[in-house]
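Geometric and topological summary
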Amino acid sequence: MASPGRSDLGDVAPELKASEGRTAVAIADLEWREMEGDDCEFHYGDGTNEAQDSDFPTVERSRLQEMLALLGLETYQGQKLSLQDSLQISSDSMKNWAPQAPKDLPWSFLRKLQALNAEARSTTMVLDMPPDTRPAEKESQMEEEIVYWDTADDISADIYSFSELPTPDTPVNPLDLLCALLHSSDSFLQQEIVLKMALCQFALPLVLPDSENHDHVFLLWALRGTVRTCWPQPPRAAGSFREDSVVLARAPAFAFVRMEVSTNSKSQLLNAVLSPGHRQRDCFWHRDLNLGTNPREIADGLVEISWFLPSGREDVDIFPEPVAFLNLRGDIGSHWLQFKLLTEISSAVFILTDNISKKEYKLLSSVKGSATKYYFILSPYRGKRNTNLRFLNRLIPVLRMDHSHVLVKVSSTDGAGFVRRVRAIVAHVTRSPCRRLSVEDMAGAARKLGLRVDEDCEECQRAKDRMERITRKIKDADAYRRDELRLQGDPWRKAAQVERELCQVQWAGEPPEKYRAELRHRLLELRMQQNGHAPPWGLQEFVWGISSPSAGERQYFLRWMEWGLARLAPPRPRPAPEAILALRPKHCGAADLSEPPWPEPLGVEHFLREMGQFYEAESCLVEAGKLPAGQRRFAHFPGLALELLLRGLPLELVDGSTLSTPLRWVTGLLRELHGRLDRRSRLVVLSALGVPGTGKSTLLNTMFGLRFATGRGCGPRGAFMQLITVAESFSQDLGCDHILVIDSGGVVGGVLSEAGDRLEREASLATLIMGLSNVTVVSLAETRDIPPAILHAFLRLEKTGHMPNCQFVYQNLRDVSAPGSKPRERRQLLDQPGDVSRAAAQMEKQGDGLRTLADLTFCDPEKQHIWHIPGLWHGVPPMAAVSSGYSEAIFELKRCLLENIRNGLSNQNKDIQQLLELVRRL
């Protein structure tokens, strides 16, 4: 290899010469660049690009505001759009409609992203012409017509000059839509957008440009909630599995940027590098996608990031370790600050260009001394051979390059071979000593260059400090839970057992009053022991954190606590990706899924559970007259928890460790909810039950944008509830103001051999959850039997006549041609007799009367819906794309559930007072 300081790029010259004279589409240079001349200076230390003789900043400022107005987002510049705003149920939630005007685009994007729809980024609109302007004979045709905007006339135009802003009759570039929406969203909606984009395998925004205020934002907080998994090679030992937040994991990063004009597309090249085999992945939006050639108005300067994550399979993996890829939108000359950041955080930078001029030479000369490697990808048939050679030779010693750092790609170049060459360069750099940074490290470099980091706001930092004070004292999670959170341990288990016995003797006819009094006395003693404890320091800090007068600080604190506690959990072994795909419950259940193979990790729910026990013990003493109501210390706890529920945190309805319901705590929460909602207190309860590991939490999250814990064995084992608001404009039509969603988590196991105390408790809790519900989704594995606890619940509820509308869902099927209900298989499920059905009937003292589900009066085979949901992933995780069939099937299921609620096919809707009474009875 030639010395970097002496190479004259002789090997490149023949390619440059051979390509000279080929025809090309002429692209005019920027007028404002010509006005500046070759001697312009760029200052980046203060976070701005100065162009004193240009009115460019003024134009950009007005464009941002006009784009926001075009999209209907200008009202969210003061009070930002929140996550709760985006999750409201409206009439549009039941429609699979295409946007008809630019103001529909943000909401269409959010709805599709929530549903993990691979087409979420599309900004195609349906032509919506006034009826009186349509020819009568073509009116129906026009309503269905999709407008595909023809941009062929723009190809020869100056694509970098300022075109007219889009109007309500013209399309919007998808990247402009993303930037405008992020500018209009609060920190928590930004985080949700980025999380769902990651699940869809879209490139994620890293630096959000803000030309309005010359205040570019590094999106550290927005990325912090995204967790990625991988199996680095050497392959697939159990210990090779890694799971971490993307902001903490260190990896080599490779930046791709454009200098002036480039015939080659950075984004298409990146997609090709990241795509295994011949299946193209559109991770980065590019010019060949629909509306990809529409001019960007506010998105230039956006930096995107994506990762390659290995699966541990040599036949699939492109690289043996995680690798980050960065993409700067726009020209480096116009966005020098972002380019300077990329040179500070990348292991290598690939510069795509057709020409190297004196101005670009000066720009690149200023980055000398950087440890980053530089590579050029040239399309010389549009450039000038001698000029390119002259400036490349000058850059050799500055950027410490040699001839191997210059790649030429022309129209005759073999595309697949060129991609292999780029991959080889990336692999070579990663094998050698190179810079490896986390996103947190990148944020530090951004601060030094003057970029604002979203996480640096005072509320976020105060919440982080409080979290660190709590977690710093937790050396061992199990010991902390045992020694500090004492009320939810053995005292709560004993109290729960006594309360169960009290409940049983209440319905046992005429039990001896002496025995009942004895149970009450035992319960009172246990509650007095609990009440004798003072809240530990960590719980007090937690209560102060959720009592902050700032709603934003409370939300920041909860997120920090979730992540801080998650990092305390010991790493868990995970099977290889193909083992996960092959994981199927067998026979009538899955014993390995009913119990987690590791202890339940310490989480926010344990702190809230401890608050609930303090409230329970105090309430019990007040009811027994042992404590004056005026001496209560914890009466405000349900109100604090309610604030978290209203902000989107799932709250525990059933304690997974004891399979018990803290009745006074839940009642206190519902009373607070009733007082808060006032006249909008009509509720529909929707629940999901089934064997753990069948995807019911992911189903609910995808359907409604909820935050239930997912992942086999990863989440808490209790039943949790979240509240969804129905838009006032739709509540009268739907018949309710809110939907309370209950996820059963790991409450219900799947094996018949569980007969005994645990099965009885599971059956009781399944009865409670279904009895509270208007609609229940029963998630099944690839088996024809229903879990015994759920079957017992069916039998018990049939006696009461309080039966929810049931939807049976098979998930994670290998290949499903249609997501709908299949009559033959529906009849098989309902008609099939089984050992579980007969055993359940005998335990419920129904003898041999029950043979099949169809014997139940509520199970009409023609009305019960059985859904077949395809698997979430198409391919091998972690680089698998989301299955389009999954998103479509989930939408159809959601529409069916809402239709059943609206049409009154579910249990009668109830208000919160009725729900309170139902909780007590059940």
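Reference entry: report on the structure contained in this document. Keep in mind that what you see is a predicted model, and the values were worked out from it rather than measured.

Conventions used here
Residues numbered from 1 in each chain as written. Predicted model: local features only at pLDDT ≥ 70, side-chain atom pairs only at ≥ 80, totals over all residues. Heavy atoms only, no water. Core = buried A, V, L, I, M, F, W, Y, C linked by side-chain atoms within 4.5 Å. Buried < 20%, exposed > 50% of the residue type's maximum accessible area, 1.4 Å probe, protein only. Helix = DSSP H or I, 4+ residues; strand = E, 2+ residues; numbered from the N terminus. Contact = heavy atoms within 4.5 Å. Polar contact = N/O pair within 3.5 Å; in protein donor to acceptor, adjacent residues only side chain to side chain. Axes fitted to C-alpha atoms, helices over the stretch in contact; angles between N-to-C directions. Parallel < 35°, antiparallel > 145°, perpendicular 65-115°, else oblique. Nonpolar A, V, L, I, M, F, W, Y, C, P; charged D, E, K, R; others polar. Expected span 1.5 Å × (residues − 1).

Let us now look at the nonpolar core. Within soluble globular proteins, side chains that are nonpolar tend to cluster in buried spots. One finds Ile193, Leu206, Phe218, Phe325, Phe376 and Ile739 to be the most contacted residues of the largest nonpolar core, which totals 156 residues. In terms of residues, this core owes the most to one element, helix 33 (residues 884-902), which gives eight residues. Apart from the residues lying within four places of it in its own chain, the contact partners of Phe376 are Met259, Ile351, Thr353, Ile356, Leu364, Leu392, Leu395, Leu399, Met401, His405, Val406 and Leu407. Membership of the second largest hydrophobic core comes to 79 residues, among which are Trp560, Leu642, Leu791 and Cys806.

Residue placement: Ser779 occurs in strand 16 (residues 775-780). Side chain to side chain, Ser779 and Thr694 meet in a polar contact 2.9 Å long. Each residue touching Ser779, except ones within four places of it in the same chain, is listed here: Leu689, Gly690, Val691, Thr694, Lys696, Val809 and Gln811.

Following both chains from N to C, one finds helix 8 (residues 187-199) and helix 21 (residues 551-566) inclined at 40 degrees, their axes separated by 10 Å at the closest point. Comparing the axis directions of helix 8 and helix 21 gives the class oblique. Along the contact surface, helix 8 presents Ser187, Phe188 and Gln191, while helix 21 presents Gly552, Gln555, Tyr556, Arg559 and Trp563. Its residues placed into classes, the contact of helix 8 with helix 21 shows three nonpolar, four polar and one charged.

So, on to helix 7 (residues 174-184). The buried count for helix 7 comes to eleven of eleven residues, which makes it a mostly enclosed element. Taken residue by residue, helix 7 has Pro174, Leu175, Asp176, Leu177, Leu178, Cys179, Ala180, Leu181, Leu182, His183 and Ser184 as its buried positions. Among the residues of helix 7, the N-terminal cap falls to Asn173, whose side-chain oxygen and the backbone nitrogen of Leu175 are separated by 2.9 Å.

Under the 1.5 Å per step criterion, the end-to-end length of helix 13 (residues 385-399) is 20 Å for 15 residues, consistent within 8% with the ideal 21 Å. Listing the buried residues of helix 13 in full gives Asn388, Leu389, Phe391, Leu392, Leu395, Ile396, Val398 and Leu399. Residue Arg400 follows helix 13 closely and has a positive phi angle near 55 degrees.

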